[in-house]
Amino acid sequence: MKIGFNFTLGETLPLVRSLLASGRIDYVELLIDNFLAVPEEELAAGFDVPVGFHIMFSKFIEADEAALDSLASRLRSLIDRMNPLYVSDHVARFTHDGRQLYHLAEIDYAADYGRVRERVDWWQQRLGRRLFLENYPSILDGGHDAPAFFERLCRDTGCGVLFDASNAVCAHLNCGVPLEAWDGVIDASRHFHTAGYNLSILQPHLVLDTHDRALSEATMAFLESRRGLFDKPGATMTYERDDNFDEADIAADLDRLRALFVRDPVAPALERAVP
C-alpha cells in the first residue's frame, strides 16, 4: 500500500515537500483542476515521486460536450506526460434546474443510472484512461443504493471506484448504510481516500466530509476491520486535508495509516530531493 497526500493549492507546497522528505508519503495526489494553468513542463518537473490526478469540477454528468472536449484535451496531454497512478472524478450533481449548487449533491442512483453510465463511457473515451469514481458521503436514505450502483457501473463501463472510506463512515452515521455493504466495492478497488469529518452547524446535525481534522476512531476502526480488503498490490491510500493544515496533526494521522498498511511503518532515513 502506498500512502499519499492531496495537494490542492500552492500554499501547501512546503507541507507536501516536508511530508515527502520525512518519508511519510509515497506519492502526491494533484487536484488537477487547480494546476491546469501551470506550464506542463513545470508541473511535470514538480515532483520526483508518482502522482495521482483527482478531477473535481469536470461536472462530466452535466457539462456540455464542447466544454468537456476542451478539458479532456488538456488533461490527456498531462496524462500522457506524467502517467499518473490513477485518474479519478466524482459522481455527483453540481446544479439543480440550471442553478449552481453551493455544495455537491448526491444523484438518484436508480433514476440517474442510464445517464451516468452513458457519460462515464463517453468521459473515459475522451480521457483515454480508466476512470476511478468517488463514492458520496450520503445524507439521505438514497445512499443505501450506492454500493450496488457502483458495482453495476463498474461491470457495465469498466470504470473503477475511488473508494472513500471516511465518506462511507459519513453515510453510515447519517443514514445507516451498513459498512459491510461496501465490501465488494473495496475488494475490487485499488485506490482509496480517507479524511476527517465534522458535524454540520445546524441541527439536527449531519456528518459532513470536511477534510479539516484528524481521522475519527470510527474511520480507523473501519480501515482496520477491512485491512485485508484494502491492502493489495498497487493499492493507494490518499489522506485528504483541505483546511487546518497542522503538520504535526497530519503527520500523526499518516503515521497511523502507515502503521496499519505499510510493513515498514518507520519513515526512511533517506530524504528525497524535492524541488
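Parameters and conventions
Residues numbered from 1 in each chain as written. Predicted model: local features only at pLDDT ≥ 70, side-chain atom pairs only at ≥ 80, totals over all residues. Heavy atoms only, no water. Helix = DSSP H or I, 4+ residues; strand = E, 2+ residues; numbered from the N terminus. Contact = heavy atoms within 4.5 Å. Polar contact = N/O pair within 3.5 Å; in protein donor to acceptor, adjacent residues only side chain to side chain. Salt bridge = Lys/Arg side-chain N within 4 Å of Asp/Glu carboxyl O. Buried < 20%, exposed > 50% of the residue type's maximum accessible area, 1.4 Å probe, protein only. Patch = residues over 30% accessible without salt bridge, like charges linked within 9 Å, V, L, I, M, F, W, Y side chains within 5 Å. Areas by Shrake-Rupley, 256 points an atom, 1.4 Å probe, with all protein chains shown as cover. Pairing = 2+ DSSP bridges. Axes fitted to C-alpha atoms, helices over the stretch in contact; angles between N-to-C directions. Parallel < 35°, antiparallel > 145°, perpendicular 65-115°, else oblique. Left-handed = near helix turned anticlockwise from the far one by under 90°. Nonpolar A, V, L, I, M, F, W, Y, C, P; charged D, E, K, R; others polar.

Enquirer: So what exactly am I meant to see when it comes to the environment of Glu62 here?
Expert: Counting through the fold element by element, Glu62 comes out in the loop between β3 (51-54) and α3 (65-82). The contact partners of Glu62, leaving out residues within four places of it in the chain, are Ala92, Arg93, Phe94 and Thr95. Within the structure, Glu62 has its side chain in polar contact with the backbone nitrogen of Phe94 (distance 2.8 Å).

Enquirer: Would you explain the pattern of salt bridges in this entry?
Expert: Any two side chains of opposite charge can pair, so long as their charged atoms come close to each other. Tallied over the full model, the rule gives 16 salt bridges. For Asp255, the salt bridge is made with Arg24, and the minimal N-O distance between the two is 2.9 Å. Of this pair, Asp255 sits in helix α10 (residues 247-261) while Arg24 sits in the loop between α1 (13-21) and β2 (27-31), placing them 231 residues apart in sequence. What makes Asp255 partly exposed here is its relative accessible area of 32%. In this structure, Arg258 and Asp26 form a salt bridge, with 3.2 Å as the shortest nitrogen-oxygen distance. Here Arg258 is found in helix α10, whereas its partner Asp26 is found in the loop between α1 and β2, with 232 residues between them in sequence. Of the two residues, Arg258 and Asp26, both sit in the buried class. One salt-bridge network, held together by shared partners, links Glu40, Glu41, Arg74 and Arg81.

Enquirer: So what exactly am I meant to see when it comes to a nonpolar patch on the surface here?
Expert: Taken together, the side chains of Ile139, Leu140 and Leu208 present a nonpolar region at the surface, about 250 Å² in accessible area. Tracing the backbone through its elements, the reader meets Leu140 in the loop between β7 (131-134) and α5 (146-157). According to the relative accessible area criterion, Leu140 is exposed, its value standing at 58%.

Enquirer: I tried to follow the pairing of strand β12 (residues 236-240) on my own but got confused; where do I start?
Expert: Most of β12 is tucked away, with five of its five residues classed as buried. Side-chain alternation along β12 places Thr236, Thr238 and Glu240 on one buried face and Met237 and Tyr239 on a second face that is also buried. Note that strand β1 (residues 2-7) and β12 share four bridges and pair parallel. Its bridge partner being in β12, Gly4 is matched across the sheet by Thr238. As paired strands, strand β9 (residues 191-195) and β12 are joined by five bridges and run parallel to one another. In the sheet register, Phe192 faces β12, and the bridge partner there is Met237.

Enquirer: Sorry, what's going on with the pairing of β7 here?
Expert: As a general feature of sheets, a regular strand has side chains that alternate between the two faces. Alternating residues of β7 divide into Leu131 and Leu133 and Phe132 and Glu134, and every residue in both groups is buried. One ladder, built from four bridges, connects strand β4 (residues 87-90) with β7; its direction is parallel. Residue pairing for β7: Ser88 is matched across the bridge by Phe132. Inspection of the sheet shows β7 paired to strand β8 (residues 160-164) by three bridges, in the parallel sense.

Enquirer: What is the right way to look at the packing of helix α8 (residues 217-225) against α10 in this model?
Expert: In a pair of packed helices, the angle between the axes and the distance between the axes together describe the arrangement. Put simply, α8 and α10 touch, their axes get as near as 11 Å, and they point 20° apart. One way to sum up the angle between α8 and α10 is to call them roughly parallel. Crossing geometry of α8 relative to α10 is assigned as right-handed. Along the contact surface, α8 presents Glu217, Met220, Leu223 and Glu224, while α10 presents Arg256, Leu257, Leu260 and Phe261. Split into classes, the residues belonging to the contact of α8 with α10 amount to five nonpolar, no polar and three charged.

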